[in-house]
Amino acid sequence: MTFDLTPEQDQLRDAVRALGRRYGHGYFVEKAKAGEHTTELWAEAGRLGYLGVNIPTEYGGGGGGITELAIVCEELAAAGCPLLLLVVSPAIAATVLSRHGTEEQRKRHLPGLADGSQKIVFAITEPEAGSNFHRLGTVARRDGDGWLLNGRKCYISGVDEAGHVLVVARTEDSSTGKLKPALFLVPTDAAGLTRSKLDMEIVSPENQFLLYLDDVRLPADALLGESLDAGLPALFAGLNPERITVAAMGAGTGRYAIERASEYTATRKVWGGRSIGSHQGVSHPLAHAAVQVELARLMIQKAATRYDAGRDLEAGVAGNMAKYAAGEAAALAVDTAVQVLGGAGMTTEYGVATLLGAVRAGRIAPVSREMILNFVAQHVLGQDKSY
Ligand SMILES: Cc1cc2nc3c(=O)[nH]c(=O)nc-3n(C[C@H](O)[C@H](O)[C@H](O)COP(=O)(O)OP(=O)(O)OC[C@H]3O[C@@H](n4cnc5c(N)ncnc54)[C@H](O)[C@@H]3O)c2cc1C
C-alpha cells in the first residue's frame, strides 16, 4: 500500500496547481459576477492536456485514469477555481463515450473533449422525478430510422457552453414493451430543444438550465452505443467518475478555504501581540476542518485507485463515501473560514463567502447526501429500502 503519487502524478499536480494559481479565485469570481465563463482557463487547461488526462491516447487524451482527473479537479479547486464542468464533460461524458460509445462517436467527440475545444454536458434530472430516476418521463420514440425526444430536464449545468447534451431518456423495449433508459447525444442547437436559465444563489461562472425537449428529431447515430442495451451500463459508467471528481473538487475547495483562513488568523491581532489563531476557539475549528478534508482525500484516493484498477463495485462504495465525506468537509471548511475571518469573511475581497453557495450545493448535487446514506445503508449495511 502506498499513499504517494507517482512522479508523473506529482508533476501533474504541481503543474495544475501552478496554472490554477495564475488565475486564482479573484478571476473565478470576476467571471461569475460578470456573467461570463472561465473560457481562458478552460482553453489553457485543454491545451496543456489537463482536460483529457483520462481520455485514451488514440483519441487525443493523456491515457491516464480518474486518479489523474481527480488531481486536476482538486488542484484547480484548491487554487479557488472549482470548475463544475470538469465533472460533467471530462468525467461523465468522456467516460461514458470511451466505455460505451461507438467507434464513430468516440472519434467524433473525444478529441474535442480532450483538447477542451468541445464540451458535452449531462442531463438526467427532471422536475417530477427528482432523485427517483426510475420515474424519468423523457421519452424517445422511433421516428423512421431516427428518434423523436420529448420531455423536461432541470438544473442542467453548462448547456450554454456545450456543443451537445447527453440526455438520459427512456425507450420502449420492443420485446417486453417496458421502458428502459437510453442516452442520446443531442446537439444544443437541435430544433425543438429550448432552455431557460435558472437563477441560482451560487457564485459561479457556470450556469444551470431548465431544458425543454419538444419533438426533438435525432438521427439514428445520436443513440449512444451500438444498441439500446448500451443504455443502462452507460448510465452506470458515469456514476463513479462523477462521484470521485466532485469529491475531489470539494476537497480542493476545503483546502483553499482553510489556507485562506489560516493565513488570516496567523497574522490578525486584536488582543495585544497574539494572533487570533493562538486562541483555540479559532484554531481548533480550523484544525477540525483540516482533519475532515484530509480524511475525505484519503477516501477519494481509495475510490480512484479502485476505479482505475477496474474494481467498479468497490469503487462505487468508496466513491459514494468519498463524495459524502468531501461534501460535508468542504461545507464545514468554508463555513469555518468565514467565521474565523469575522467581518472580512463576508467580503468579496477575502474570497471565502463567495464559495458558500457552491459548497452548500455540493451536499445536494450531483447526488444528495441522503441518497448516499441510502446507498450505504442498503449496500453496505444490508438494510431494507423504504422507497
Ligand atoms: C448546482 C447544481 C448543478 C446541477 N447540475 C446538474 C446537471 O448538470 N445535470 C443533471 O442532470 N442534474 C444536475 N443537478 C441536479 C441534481 O443532481 C439534483 O438536484 C439532485 O440529484 C437532487 O434532486 P432534486 O433536486 O430533484 O431533489 P429531490 O429528489 O426533490 O429531493 C429533495 C430532498 O429530499 C431528499 N430525498 C429524496 N428522496 C429521498 C429518500 N428516498 N430518502 C431520503 N431523502 C430523500 C433529498 O436528498 C433532498 O434533500 C444539479 C443541481 C445543482 C444544485
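Residues numbered from 1 in each chain as written. Predicted model: local features only at pLDDT ≥ 70, side-chain atom pairs only at ≥ 80, totals over all residues. Heavy atoms only, no water.

Here's the deal with the packing of aromatic side chains
Any aromatic ring pair is given by two values, namely how distant the centres are and how the planes are angled relative to each other. Heads up, the condition is: We call Phe, Tyr and Trp rings a pair once their centres come within 6.5 Å, taking the six-membered ring for Trp, and we label the pair stacked below 30 degrees between planes, edge-to-face above 60, and tilted otherwise. Secondary structure elements are defined from DSSP: runs of H or I of at least 4 residues count as helices, runs of E of at least 2 residues count as strands, and each element is numbered from the N terminus. The rule for a charge over a ring is simple: NZ of Lys or CZ of Arg within 6 Å of the ring centre, and within 35 degrees of the ring normal.
Going through the model one piece at a time under the given rule, you end up with three aromatic pairs. Considering the side-chain rings of Y264 and Y350, the 5.5 Å spacing of their centres and the 85 degrees angle between planes classify their relative orientation as edge-to-face. Separated by 86 residues along the polypeptide, Y264 in helix α7 (residues 239-267) and Y350 in the loop between α9 (312-340) and α10 (356-361) bring together distant segments of the chain. Sitting over the face of the ring of W42, K119 holds its NZ or CZ atom 4.9 Å from the ring centroid. The ring of F209 has R195 sitting right over it, with the charged end atom 5.5 Å from the ring centre.

As for the environment of G137
Note the following rule: Throughout this description, buried means an accessible area under 20% of the type-specific maximum (1.4 Å probe, protein chains only), exposed means over 50%, and partly exposed covers the range between. Residue contacts are defined here by distance: any two heavy atoms, one from each residue, within 4.5 Å place the two residues in contact.
By the element assignment, G137 lies in the loop between β1 (120-123) and β2 (139-143). Residue G137 is classed as partly exposed on the basis of its relative accessible area of 47%. When near neighbours in sequence (up to four residues on either side) are disregarded, G137 contacts E126 and N150.

Structural notes on the layout of surface pockets
To keep it simple, the criterion reads: Grid points spaced at 1 Å and placed over the protein atoms alone form the basis of the search, with a cavity being a set where a 1.4 Å probe fits but cannot get out and a pocket an open set showing protein on both sides within 12 Å along at least five of seven lines. Lining residues have an atom within 4 Å of a point. Grid points are joined across faces, edges and corners, and a volume is the space filled by probe spheres set on the points.
Approximately 710 Å³ is the volume attributed to the second largest pocket. Taken together, 23 residues form the lining of the second largest pocket, with F3, L5, Q301, K302 and T305 sitting closest to its centre. Contributions of two or more residues to the lining of the second largest pocket are made by α1 (7-33), α3 (66-78) and α8 (280-308). Among the elements that make up the lining of the second largest pocket, the one with the highest residue count is α8 (nine residues).

Side note on the site of the ligand
In plain terms, the rule: Near, as used in this document, describes a residue that has one of its heavy atoms within 4 Å of the molecule or strand being considered. Any pair of nitrogen or oxygen atoms within 3.5 Å is treated as a polar contact; in protein, a donor-acceptor pairing is required on top of that, and neighbouring residues in sequence qualify only through side-chain atoms on both sides. Note on areas: these come from Shrake-Rupley sampling with a 1.4 Å probe, and a residue is covered only by the protein chains present in the view.
Neighbouring residues of the ligand: 20 residues in total, closest T125, S131, Y155, S368 and E370. Measuring from a nitrogen atom of the ligand, one finds a side-chain N or O atom of N374 at 3.0 Å. Here the ligand, which alone exposes 980 Å², has 70% of that area covered by the protein. When contributions to the shell around the ligand are tallied by element, the ones reaching two or more residues are β1, β3 (146-157) and α11 (369-379).

So, the pairing of strand β7 (residues 208-218)
Our working rule: Criterion used throughout: strands pair if DSSP finds at least two bridges between them.
In this sheet, β7 lies alongside β3 in antiparallel orientation, the contact comprising eight bridges. Following the sheet pairing, S157 is matched in β7 by Q208. Of the strand pairs in this sheet, strand β6 (residues 193-197) and β7 are connected by five bridges, and their pairing is antiparallel. Paired with K197 across the bridge in β7 is F209.

Re the nonpolar core
So the rule is basically this: Definition of nonpolar core: a set of buried residues of the types Ala, Val, Leu, Ile, Met, Phe, Trp, Tyr and Cys, connected through side-chain atoms within 4.5 Å.
Counting 85 residues, the largest nonpolar core has F122, L149, V165, L166, L183, F184 and V186 as the members making the most contacts within it. Of the residues forming this core, the biggest block, nine residues, is contributed by helix α4 (residues 85-100). Beyond its immediate chain neighbours, meaning those up to four positions away, V186 contacts L149, G163, H164, V165, V167, L193, V216 and L218. Membership of the second largest hydrophobic core comes to 24 residues, among which are A289, A337, V340 and L341.

Regarding helix α2 (residues 39-47)
If you check which residues of α2 are buried, you get L41, W42, E44, A45 and G46. For α2, the elements touching its buried residues are α1, α3, α4 and α5 (103-115). Just past α2, the residue G49 takes up positive phi, approximately 90 degrees.

Let's talk about α7
Using the following cut-off: A helix is expected to span 1.5 Å for every residue after the first.
With 29 residues, α7 should reach 42 Å at 1.5 Å per residue; the first-to-last C-alpha distance of 43 Å fits that figure. In terms of residue burial, α7 counts as a mostly covered element, since 21 of its 29 residues are buried.

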